[in-house]
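Take a look at the letters that make up each chain.
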Amino acid sequence: MTPLEKQIKEKQYQDYVKQHTPVHNVWTNMLKAFLTGGSICTIGQLISNYCKTLGLSEKDCGAWTAIVLVLFSVILTGLNVYSKIANWGGAGALVPITGFANSVAAPAIEYKKEGQVFGIGAKIFTIAGPVLLYGVVTSWALGVVYWVISI
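Because the structure is predicted, anything quoted here is derived from the model rather than measured. Residue indices begin from 1 for each chain and proceed along its sequence in written order. With pLDDT at 70 or above as the cut-off, local features in this predicted model cover only qualifying residues; side-chain atom pairs require 80 or more to be listed or tallied, and sums for whole chains, interfaces and linings still use all residues. Side-chain numbers here rest on the full set of heavy atoms in the structure, without hydrogens or water.

(A) Up close: the overall build of the protein. Across its full length, the protein holds eight helices and zero strands. The helix and strand labels rest on DSSP assignments: H or I over at least four residues marks a helix, E over at least two residues marks a strand, and numbering proceeds from the N terminus. N-terminal to C-terminal, the α/β element order of the protein is α-α-α-α-α-α-α-α. We compute the radius of gyration over the C-alpha atoms and compare it with the globule rule, which gives 2.2 Å times the number of residues raised to the power 0.38. A compact globule built from 151 residues would reach a C-alpha radius of gyration of about 15 Å, whereas the protein, at 22 Å, exceeds it by more than 25%. Should any heavy atoms of two residues lie within 4.5 Å, those residues are considered in contact. Restricting the contact set of the protein to residue pairs at least 6 apart, pairs at least 24 apart contribute 52%. Residue burial considers only the protein chains on display, and all accessible areas are found by Shrake-Rupley using a 1.4 Å probe. Roughly 11,400 Å² of accessible area belongs to the protein as shown, and the carbon and sulfur atoms make up 70% of that amount. A gap of 3 Å separates the mean positions of the 11 positive and 7 negative side-chain charges of the protein. In this tally, Asp and Glu contribute negative charge and Lys and Arg positive charge; neither His nor the terminal groups of the chain are included. Each charge is placed at NZ for Lys, CZ for Arg, CG for Asp and CD for Glu.

This is the structure:
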């Protein structure tokens, strides 16, 4: 292939990439993420406030809020609604506790037809597993650093 042919092919490829690469509006994406994450957090605050009206302690309110948000997330994942929320809201739906619950429930639902062990058991932490692994490793490493500094 001659240098001229290479240039022509490269130009054609660049045109193809430009034509098929989606264009995103950063400000719109940030607004959608803000609205989605803010709505989830507002729902969590409403749950917490309701628990306080029942006379629960601050610690118990936090626990019940987390439980209810995870439950809602798993139900919406099972009904295939959470993925639509995440597609629209982007990172706003993925950051709160509901996003983590979705990342555990979605593979379990997807692979349930392969059985309890080789389906759900093997695939349930495919998305959340690395988060758990690196969270534990990082907390262990920071604990060692803290221990060394405090000696």
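(B) Representation of the side chain of T98. Within the secondary structure, T98 sits in helix α6 (residues 97-110). Contact partners of T98, with chain neighbours within four places excluded, come to I40, L69, S73, Y82 and A93.

(C) Structural view of the environment of S73. Among the secondary structure elements, S73 is positioned in helix α3 (residues 58-78). For the exposure calls, accessible area comes from a 1.4 Å probe over protein chains only, and a residue counts as buried if that area is under 20% of its type's maximum, exposed if over 50%, partly exposed in between. When its relative accessible area of 1% is taken as the criterion, S73 is described as buried. Placed 27 residues apart in sequence, S73 and F100 show a C-alpha to C-alpha distance of 8.9 Å. Among all residues touching S73, those that are not within four sequence positions of it are Y82, T98, A101 and N102.

(D) Here's a closer look at the pattern of salt bridges. A carboxyl oxygen of Asp or Glu within 4 Å of a side-chain nitrogen of Lys or Arg is what we treat as a salt bridge. Going through the model one piece at a time under the given rule, you end up with two salt bridges. Put simply, K11 and D15 hold a salt bridge, and the shortest N to O gap is 3.1 Å. Of this pair, K11 and D15 both sit in helix α1 (residues 3-20), four residues apart, roughly one helical turn. Note that K52 is salt-bridged to E58, the shortest N-O span being 3.6 Å. On the basis of relative accessibility, which here comes to 35%, the residue K52 falls in the partly exposed class.

(E) Spotlight on unusual backbone geometry. The backbone of N80 sits at a positive phi, close to 60°, despite the residue not being glycine. Along the chain, the position of N80 falls in the loop between α3 and α4 (82-89).

(F) Region of interest: the side chain of N102. Here N102 shows up in helix α6. Relative accessible area serves as the criterion here: at 15%, N102 is assigned to the buried category. In terms of polar contacts, N102 uses its side chain to reach the side chain of T77, at 2.7 Å. Discounting residues that sit within four places of it in the chain, N102 has contacts with S73, T77, Y82 and P107. The definition of a polar contact used here is a pair of N or O atoms within 3.5 Å, where within protein one atom must be able to donate a hydrogen and the other to accept one, and adjacent residues in sequence count solely through side-chain atom pairs.

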